[in-house]
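Remarks on the overall topology
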Amino acid sequence: MHVTFYSTRRYDERFFNAANEHFGHQLHFYDIALNTHTANFARNQTVGDAPLAVCIFVNDHADAPVLERLAAQRVELLALRSAGFNHVDLDAAQRLGLRVVRVPAYSPHSIAEHTLALVLALNRKTHRAYNRVKENNFSLDGLMGFDLYGLTVGIVGLGKIGVATARIFQGFGCRVLGYDPVQTEADHVEMGSLDTLLRESDIISLHCPLTPETHHLINADTIGQMKHGVMLINTSRGALIHTQAVVDALKREHIGYLGLDVYEEEDGLFFEDQSDKVVQDDVFMRLLTFPNVLITGHQAFFTRNAVEAIAQITLQNISDFEQGQELKNQVTPQ
Ligand code: NAI
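Everything in this summary refers to the structure shown in the same document.

Each value, and the rule that gives it
Residues numbered from 1 in each chain as written. Predicted model: local features only at pLDDT ≥ 70, side-chain atom pairs only at ≥ 80, totals over all residues. Heavy atoms only, no water. Axes fitted to C-alpha atoms, helices over the stretch in contact; angles between N-to-C directions. Helix = DSSP H or I, 4+ residues; strand = E, 2+ residues; numbered from the N terminus. Parallel < 35°, antiparallel > 145°, perpendicular 65-115°, else oblique. Left-handed = near helix turned anticlockwise from the far one by under 90°. Contact = heavy atoms within 4.5 Å. Nonpolar A, V, L, I, M, F, W, Y, C, P; charged D, E, K, R; others polar. Near = heavy atom within 4 Å. Polar contact = N/O pair within 3.5 Å; in protein donor to acceptor, adjacent residues only side chain to side chain. Areas by Shrake-Rupley, 256 points an atom, 1.4 Å probe, with all protein chains shown as cover. Buried < 20%, exposed > 50% of the residue type's maximum accessible area, 1.4 Å probe, protein only. Pairing = 2+ DSSP bridges. Arc of directions from axis to C-beta. Salt bridge = Lys/Arg side-chain N within 4 Å of Asp/Glu carboxyl O. Expected span 1.5 Å × (residues − 1).

Bringing the packing of helix α4 (residues 108–124) against helix α6 (residues 160–171) into the picture now. Where α4 meets α6, the axes come as close as 8 Å, and the angle between the chain directions of the two elements is 50°. Looking at the two axes, α4 sits oblique to α6. α6 is crossed by α4, and the crossing has right-handed handedness. Mapping the contact onto sequence places Pro108, His109, Ile111, Ala112, Glu113, Thr115, Leu116 and Val119 in α4 and Lys160, Ile161, Ala164, Thr165, Ile168 and Phe169 in α6. Residue composition of the contact of α4 with α6, by class: nine nonpolar, three polar and two charged.

Structure representation (structure tokens):
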């Protein structure tokens, strides 16, 4: 099947081309993002009249106007090379007869391990120590951390990634609290209310999807319930956090540490080299000024294992569609 890819980078081409040796699809890669202006690229000259698949990533916009343009070009399948699907208007897709598939699990460990990388770096300030030692500055002032052993960690969302993260924290000897409106139990996790988790946790890590209910889950009110000096980690989706409320809490030193792999306005910022540009987002730039904030640019998923699995599962989803098989990874409106 012909597949038009948006927002690809060299590593996407490499891993998808390698996996495609077993599938034999015709892959067309574009580094531009999908939006109303670029949707018409889906059917290029090499594609002919056959039905098409389009493959997108987390910051491609598949809202109703975009989906209408895709459907008008006989795009019949939207293959997300991601687990999250908050960037797709599923009602519009259904109305237009466009099937949507995703990669529900590729390596929960990749995100869980990156979560711990943020926690450990923030705590022991390895990013700052690295720079000091490079300049022959061996002073320890300002580098003091704390033991994770014995601390209470709150995990919001006990799905695949939340459970994998909880397991690592248990290995450090932490008490793990969990909140999830659907999952009522997880091994060695004390499940309870969000209020209890916010009140009792020294470290809070977000692992729930972005939905209308979870949008700005972390806001001035919920921050107000947290312990003074709490460490907050978000490797899930940026808009779970009201960023300005978090900036205010960092200034008051209510939030003691902030680790982000995602940002609510990351679209157009992350996944690009912006080093010779003037970044216009003042909230983001304010975040970068805090010594106790560590931000990575949506790289938690980025391990060899995860990217291999994403390519394999995405191409299998496309083959299943082409062969009229059941689409086990289809996403439909709730
Ligand atoms: P999952 O579907 O296995 O688990 C999500 C859990 O969140 C479910 O148990 C669900 O019941 C729970 N949940 C739903 N609403 C909630 C609420 N209001 N409060 C608390 N929990 C709630 O998903 P998985 O694979 O664990 O992924 C979680 C999220 O991680 C994804 O939705 C995605 O946004 C993010 N992600 C980030 C990546 C990155 O590179 N930074 C890569 C992959 C996923």
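Structure shown, so let's carry the discussion forward.
Following both chains from N to C, one finds helix α1 (residues 10–20) and helix α11 (residues 304–322) inclined at 50°, their axes separated by 9 Å at the closest point. In terms of orientation, α1 and α11 fall into the oblique class. Like other packed secondary-structure pairs, α1 and α11 cross with a definite hand, here right-handed. Contacts from Phe15, Phe16, Ala19 and Asn20 in α1 reach Arg304, Val307, Glu308, Ile310, Ala311, Gln312, Thr314 and Leu315 in α11. Grouping the constituent residues of the contact of α1 with α11 by class yields seven nonpolar, three polar and two charged.

Further remarks concern the site of the ligand. Surveying the vicinity of the ligand reveals 24 residues, the closest of which are Tyr106, Lys160, Ile161, Asp180 and Thr235. Side-chain polar atom of Arg237 to an oxygen atom of the ligand: 3.4 Å apart, as the coordinates give it. Interatomic distance of 3.1 Å between a backbone N/O atom of Phe301 and an oxygen atom of the ligand. Protein burial of the ligand: of its 880 Å² of free accessible surface, 86% is covered by the chains. Here the shell around the ligand is built from residues that sort into twelve nonpolar, eight polar and four charged.

This part is about unusual backbone geometry. Notably, Asn136 is not glycine yet its phi reads approximately 60°, a positive angle. Under the relative-accessibility criterion, Asn136 is labelled exposed at 62%. Positive phi is not limited to glycine here, since His298 has a value of about 55°. Residue His298 is classed as buried on the basis of its relative accessible area, which comes to 8%.

Time to look at the side chain of Gln274. Structurally, the position occupied by Gln274 is in the loop between β11 (255–260) and α10 (282–288). Leave out the neighbours within four places in its chain, and Gln274 touches Gly268 and Leu269.

We now examine the sheet that holds strand β8 (residues 190–191). Here we have seven strands laid out as an open sheet, ordered β8-β7-β6-β9-β10-β11-β12, and parallel in their pairing. On the outer flanks of this sheet lie β8 and β12 (293–295), each paired with one strand and no other. Judged from the three bridges that link them, β11 and β12 form a sheet pairing that is parallel. Its bridge partner being in β12, Leu258 is matched across the sheet by Val293. Each of β9 (203–206), β10 (230–234), β11 and β12 touches α4; the most contacted strand, β10, lies at about 145° to it.

On to α1. Helical periodicity: at 3.6 residues per turn, an α-helix aligns residues three or four positions apart in one direction. Residues of α1 that are buried: Asp12, Phe15, Phe16, Ala19 and Asn20. The arc that holds every buried residue of α1, seen down its axis, measures 130°, which confines them to one face. Relative to its buried face, α1 has exposed residues pointing more than 90 degrees away, namely Arg10 and Arg14.

Of note, Asn17 is situated in helix α1. Residue classification places Asn17 among the partly exposed positions, given a relative accessible area of 39%. Note: C-alpha distance between Asn17 and Asn136 (119 residues apart in sequence) is 45 Å. Sequence-distant contacts of Asn17, that is, excluding residues within four places in its chain, are made with Asp12, Leu27 and Phe29.

Okay, the pattern of salt bridges next. For the coordinates displayed, the defined rule picks out eight salt bridges. Here Arg95 ties to Glu68 by a salt bridge, and the two come within 3.6 Å at their closest N and O atoms. Of this pair, Arg95 sits in helix α3 (residues 90–95) while Glu68 sits in helix α2 (residues 64–72), and the two are 27 residues apart along the sequence. Take Glu68: its relative accessible area is 38%, and that puts it in the partly exposed class. Note that Arg175 is salt-bridged to Glu190, the shortest N-O span being 3.0 Å. Of this pair, Arg175 sits in strand β7 (residues 175–179) while Glu190 is found in strand β8, placing the two residues 15 residues apart along the sequence. For Glu190, a relative accessible area of 40% corresponds to the partly exposed category.

On to α4, then. Taking 1.5 Å per residue, 17 residues should reach 24 Å; α4 reaches 24 Å between its end C-alpha atoms and fits that length. The element α4 is largely enclosed, with a buried count of twelve among its 17 residues. Buried residues of α4: Pro108, Ser110, Ile111, Ala112, His114, Thr115, Leu116, Leu118, Val119, Ala121, Leu122 and Asn123, and no others. Two residues or fewer after α4 comes Lys125, characterised by a positive phi angle close to 55°.

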